[in-house]
Amino acid sequence: MTDMRAFREAVIGRAAGGPDGSAEELALRLGVRTAVLLEGPSDVEAVETLAARHGRDLSAEGVCVVPMGGAMNVGRYAELLGPPGLGLRLVGLCDEGEQGYYDRALRRAGAPDDGFFVCAADLEDELIRALGVPRVEEIVGAEGDHPAWRTFVRQPAHRGEEPQRQLRRFLGTKKGRKIRYGRLLAEAVDFARVPAPLAGLLASL
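Residues numbered from 1 in each chain as written. Predicted model: local features only at pLDDT ≥ 70, side-chain atom pairs only at ≥ 80, totals over all residues. Heavy atoms only, no water.

J.: Explanation requested: the side chain of D125 in the structure shown.
T.: If you trace the backbone, D125 turns up in helix α6 (residues 123–131). Look at D125 and you get buried, because its relative accessible area is 8%. When residues no more than four places from it in sequence are discounted, the contact partners of D125 are Q164 and R168. (Helix = DSSP H or I, 4+ residues; strand = E, 2+ residues; numbered from the N terminus. Buried < 20%, exposed > 50% of the residue type's maximum accessible area, 1.4 Å probe, protein only. Contact = heavy atoms within 4.5 Å.)

J.: Help me understand the pattern of salt bridges, please; the structure alone is not making it clear to me.
T.: Note that side chains of opposite charge can pair when their charged atoms are close. Taken as a whole, this structure holds 14 salt bridges when the rule is applied. In this structure, E61 and R56 form a salt bridge, with 2.7 Å as the shortest nitrogen-oxygen distance. According to the relative accessible area criterion, E61 is partly exposed, its value standing at 27%. With a relative accessible area of 24%, R56 lands in the partly exposed category. In the salt-bridge network here, residues are joined through shared partners; they are D125, E126 and R129. (Salt bridge = Lys/Arg side-chain N within 4 Å of Asp/Glu carboxyl O.)

J.: Explain the packing of aromatic side chains to me, please; I cannot follow it from the model alone.
T.: Two descriptors summarise a pair of aromatic rings, namely the distance from one centre to the other and the angle between the planes of the rings. The full count for this structure, using the stated rule, is four aromatic pairs. Both rings, one in W149 and one in F152, keep their centres 6.2 Å apart while their planes meet at 20°; by these two values the pair is stacked. Linking W149 with F152, this pair stays in helix α8 (residues 146–154), spanning three residues, or about one helical turn. The pair W149 / F152 is uniform in exposure class, with both members buried. (Phe/Tyr/Trp six-rings, centres within 6.5 Å; stacked < 30°, edge-to-face > 60°.)

J.: What exactly am I supposed to notice about the sheet that holds strand β2 (residues 63–67) here?
T.: Sheets are built from strands paired through backbone hydrogen bonds, the pairs being either parallel or antiparallel. With respect to topology, four strands assemble into an open sheet ordered β2-β1-β3-β4, the strand pairing being parallel. One side of each edge strand has no neighbouring strand; the edge strands of this open sheet are β2 and β4 (116–119). Recorded for the sheet is a direction-independent mean angle of 15° between the axes of neighbouring strands. Pairing between strand β1 (residues 34–38) and strand β3 (residues 89–95): four bridges, direction parallel. Residue V36 lies in a different strand from β3, and its bridge partner there is V91. (Pairing = 2+ DSSP bridges. Axes fitted to C-alpha atoms, helices over the stretch in contact; angles between N-to-C directions.)

J.: I tried to follow the side chain of Q166 on my own but got confused; where do I start?
T.: Secondary-structure assignment places Q166 in helix α9 (residues 163–171). Since its relative accessible area comes to 8%, Q166 is described here as buried. Leave out the neighbours within four places in its chain, and Q166 touches W149, F152, V153, H158 and E161.

Right under this line is the structure:
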């Protein structure tokens, strides 16, 4: 895992305009064959957690899960990791509202789009719907976040919103919370109710 993390860090550094570094060397040494492009670290937590629950060791399988730091960076990562760059197979998740960025980036890179799966709003929203609001509230309570949650829903800006939308917005209100709940929600979801985009992604690896 440490070596795959080193590869991921090398890729992120290169995408940010850093020196070439050791991405190519690490890709060859580790046998990296597939890059999973995800918007951010909370998505990484969810994907890696669910894969582990299925008994998958993605690193050992030559799969690197990469947080891009936002959907608009997909072009840079597709060029770096896809056919114009390291020649890896590209798969991933994207939000419905950002699908156009992915379609254009993959076309420019000459990469197939059949390994990309679309979430209606985002992955957290998909997991909240799969679990149901009451179950997610139980998880929030178990994490000691219930007082903060109750304060959040009483704020005028959030009154009258659907509970699912409230929960989704709540997860993004504190640094690190969204990442933590990416893992927690993926740990809690029943295998039979895994959101279709996430199930499709894992099945494609």
